[in-house]
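Take a look at the letters that make up each chain.
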Amino acid sequence: MPTKASCPLQHSSDLLTAGLERPFVNPYLAILVGVVGAAFSSIFTKLAMAPPLVIAFYRLGFTVLMIAPIALTRGREELRSMGGRDVMLACLSGVLLALHFTAWITSLEYTSIASSTVLVTMQPLFVVLGGYLIFKEKIARTGLVGAALALTGSTVVGVSDFQIGGQAFWGDILAFAGAIFIAGYVLIGRGLRHRLSLFPYIFVVYGASTVTLFLGALLTGMSFFTYPPLTWLWFFLLALVPTIFGHTIFNWALRYVKAAVVSVSILGEPVGATILAYIIFQQVPSTLQLIGGVVIIAGLTIFIRAAAQK
């Protein structure tokens with residue numbers, strides 16, 4: 001009989017419908033679902049007629065409302081017993097997530113969906129390094145080759161859209177800053193998810209992010225209510241699809257796989273985003289972007305297989 005201390009899932013009272021906190025759920029399949037969900041992020045953001053801070057605020061705010069019933073009932077005891085250090089780290093993770101959304105969503109106003117998504121998903125460069133330095137997570141050589149191939153593909157996808165100078169360059173800088181912020185968010189989550197169940201953890205993280213975004217929008221004098229009815233639908237869908245079925249799945253997976261696995265897998269997002277941008281906005285991908293998409297998929301296949309074998 002495992003003791004309370006020896007069972008890592010003892011406090012996992014936040015099981016959702018299909019038992020997402022159980023270790024026998026294939027984390028690689030879950031990550032694939034998360035990538036598909038995350039691909040809708042730039043699409044819904046582009047459709048929402050609101051300032052970046054407001055979009056991010058409602059995205060996280062609606063998410064908190066969705067998960068609150070589970071976190072405050074089944075995860076209530078764990079929330080009460082969380083140590084001060086864990087709470088502070090989770091809040092820091094939330095602040096980094098808020099900065100990520102602010103920088104990335106703003107970048108979409110200056111550059112294309114392809115370039116913005118590619119640059120913001122360069123975060124594996126920082127996550128792989130941080131995972132090695134902080135958690136001593138080593139990646140097999142085959143996996144590193146796959147990761148490098150996926151990163152190369154990401155660069156190829158957006159290279160035809162990059163411009164030196166002007167608004168596009170400013171948008172690219174913001175998107176790259178978003179990559180740095182999200183890398184910190186992933187690395188903190190990798191450390192905390194070994195000790196905390198999913199819903200108590202994300203409730204604190206998303207809550208801190210919502211508060212940060214609210215204060216930012218308030219201090220800059222932005223309106224919270226004067227938006228078209230359809231924009232409220234995009235706010236809701238941003239919470240449901242890329243956050244609940246994207247970020248939340250990634251946070252769940254951090255308990256079972258290396259931070260680099262989650263981080264590199266997110267590189268599949270530009271492929272989905274580019275396809276959706278073509279369907280919805282008629283943003284026709286160039287030959288380079290198509291080639292880059294194939295390279296990304298090949299690199300991810302190599303990396304995930306190596307990680308699974310490891």
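Rules and cut-offs
- Residues numbered from 1 in each chain as written.
- Predicted model: local features only at pLDDT ≥ 70, side-chain atom pairs only at ≥ 80, totals over all residues.
- Heavy atoms only, no water.
- UniProt positions renumbered as here; feature names shortened; annotations may be inferred.
- 1 Å grid on protein atoms, 1.4 Å probe; cavity = no way out; pocket = protein on both sides within 12 Å on 5 of 7 lines; lining within 4 Å.
- Points joined across faces, edges and corners; volume = space filled by probe spheres on them.
- Helix = DSSP H or I, 4+ residues; strand = E, 2+ residues; numbered from the N terminus.
- Nonpolar A, V, L, I, M, F, W, Y, C, P; charged D, E, K, R; others polar.

In the annotation of an unreviewed UniProt entry, the entry for the protein chain reads EamA domain-containing protein, and the organism field reads Desulfofundulus kuznetsovii. Per UniProt, the comment on the protein chain under Sequence similarities (unreviewed entry) is "Belongs to the EamA transporter family."

K.L.:
Tell me about empty space enclosed by the protein, and please be specific about residues and values.
P.N.:
Think of a ball as big as a water molecule: rolled over the atoms, this probe shows where empty space is left. The tally for this structure, following the rule as stated, stands at two cavities of 30 Å³ or more. Put simply, the largest cavity is a space of about 230 Å³. Breaking the lining of the largest cavity down by element, the ones donating at least two residues are helix H5 (84–107), helix H9 (166–192) and helix H11 (229–253). At four residues, H11 tops the list of elements feeding residues into the lining of the largest cavity. When the residues that make up the lining of the largest cavity are grouped by side-chain class, the tally is 12 nonpolar, six polar and two charged. Reported here for the second largest cavity is a volume of approximately 30 Å³. Lining the second largest cavity we find Val127, Val128, Gly131, Tyr132, Glu137, Ile139, Ala259 and Ala260. Among the secondary structure elements, those contributing two or more residues to the lining of the second largest cavity are helix H7 (124–135) and helix H12 (259–265). With four residues, H7 is the single largest residue contributor to the lining of the second largest cavity. Residue composition of the lining of the second largest cavity, by class: six nonpolar, one polar and one charged.

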